[in-house]
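Notes for the structure review
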Amino acid sequence: MIKFFRKIHLWLSVPFGIIVTLVCFSGAMLIFEPEITHALRSDVYYVASVEESPLPMDELMETAKATLPDSVSITGVTVFEDASRTYQVNLSKPRRASLFIDQYTGEITGRYERIGFFSTMFKLHRWLLDSANQHGEGLKIGKLLVGISTFVFVIALISGVVIWWPRARKNLKHSLSITFSNGWKGFWKGLHVAGGMYALILVLAMALTGLTWSFDWYRSAFYAVCGVEHTPRNFSQTNNSNGNNGGEKHDRGGRRSGHYHGGEGRHEDGNRQKGGNRRYSEFGRWQEVYETLKTQNPEAPKITIGYEKATVTLGNTGNSRASDSYEFNRRSGELSLVTKYADAKEADKLRGWIYSIHTGCLGGLFTRILWLLGALLGASLPLTGYYIWIKHLIKKK
């Protein structure tokens, strides 16, 4: 039986090992992307100086709106707990587009742009740089190879444990040591065997969750094992929740359709505008809604306000995507409906947990460091395995 598992471990690992190394290494490089990006582009993500109070949100949004072409509209604004972070203004297109504005001066500090290195690492991690996948067109060879290699990696890890355990139980301490006592050969073998055991749980967690993005059949089975019915994400609904409410019409500039009555500067909702000729702001209630939610959730890492909808992120640990969703009346600013995270669909909760486990966000900085080390060890396993295999072939000759 051990011989069978040895063959499985070897002949599955040899053809896919290099891909496993690339996927693990690129994943490791992405773990601290936010912190590195913020440090390298601090002029975009941080204000010049923190003042006593920021400018009104409607004034900031009008400033940002004036810089946009008619075809792009503002869908929402994200305010971070850290007062030194600039406001993130979310845009209608392209997908995930945003710009940043200094809330104390009204200065546009820049747009969201992924640093080239991290963009390459992400494409390598997801698609092996296969350009056909970026627009969902063509044969998704890169994505398929990543999925197959990840699945093979899971089998190699399990078969490795089966091979390792009979010897390890006799001298567990020695089996879990990585030393130079037998030279480089002993070091590489120890790194492969003991390193694999140290990283086992972490890389299995990354691989098993990562496979949910590779295969539909696996994703459905994964959800079923967790006792949850998988429901595909509604991206149009997601976009609406970020600001573009599907039930309301916008003109090309993202302005809500409506009529303005002259004379006293009264808007159709009955609100008198100061000065009579001051233009009604579509963002007029955003500041009020934000202040209400901030008072209710003083420790929220971030709060996002959009058209008639708002989202309060609950924390940076556990399910990092856990949030409470609100709806508000755009005329009065009254919060009329709240969907608590506890009442969210189980599929949405599980989706957030999958992301948090895969990226190591579930335990904050500590688990992310562990995930970084685990991913790097995972990347080393095929390389050290190749070394041991080649040495064995040379010795046989």
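Everything below is about the structure shown above.
These lines cover the structure that appears in this document, whether it is placed above or below. On a predicted model such as this, the values are computed, not experimentally measured, just so you know.

How each quantity is defined
Residues numbered from 1 in each chain as written. Predicted model: local features only at pLDDT ≥ 70, side-chain atom pairs only at ≥ 80, totals over all residues. Heavy atoms only, no water. Helix = DSSP H or I, 4+ residues; strand = E, 2+ residues; numbered from the N terminus. Expected span 1.5 Å × (residues − 1). Buried < 20%, exposed > 50% of the residue type's maximum accessible area, 1.4 Å probe, protein only. Contact = heavy atoms within 4.5 Å. Phe/Tyr/Trp six-rings, centres within 6.5 Å; stacked < 30°, edge-to-face > 60°. Pairing = 2+ DSSP bridges. Axes fitted to C-alpha atoms, helices over the stretch in contact; angles between N-to-C directions.

**Some words on helix H5 (residues 116-127)**
- For H5, spanning twelve residues, the distance from its first C-alpha to its last is 16 Å, which sits close to the expected 16 Å at 1.5 Å a residue.
- Residues of H5 that are buried include every one of Phe-118, Met-121, Leu-124, His-125 and Trp-127, and no others.
- Where H5 is buried, its residues meet helix H1 (2-30), helix H2 (33-40), helix H6 (141-168) and helix H12 (346-359).
- The first or second residue beyond H5 is Leu-128, which carries a positive phi of 55 degrees.

**A short note on the packing of aromatic side chains**
- The final tally for this structure, using the stated rule, is 19 aromatic pairs.
- A ring pair is formed by Phe-117 and Phe-118, whose centres lie 5.4 Å apart and whose planes are at 70 degrees; its orientation type is edge-to-face.
- What makes Phe-117 partly exposed here is its relative accessible area of 42%.
- Taking 6.0 Å as the distance between ring centres and 85 degrees as the angle between the ring planes, the aromatic pair formed by Trp-217 and Tyr-218 counts as edge-to-face.

**Structural notes on the sheet that holds strand S10 (residues 335-339)**
- Within the open sheet, the eight strands sit side by side as S4-S3-S2-S1-S7-S8-S9-S10. Their pairing is antiparallel. Whereas interior strands pair on both sides, the edge strands pair on one side only; in this sheet they are strand S4 (108-111) and S10. Strand after strand, the sheet turns through a mean of 20 degrees between neighbouring axes, direction not considered.
- By the bridge criterion, five bridges tie strand S8 (residues 309-313) to strand S9 (residues 323-328) in an arrangement that is antiparallel. The residue bridging Thr-311 from the neighbouring strand is Ser-325, located in S9.
- Strand contacts of helix H11 (residues 286-296): strand S1 (74-80), strand S7 (302-306), S8, S9 and S10, with the helix running at about 150 degrees to S7, the strand carrying the most contacts.

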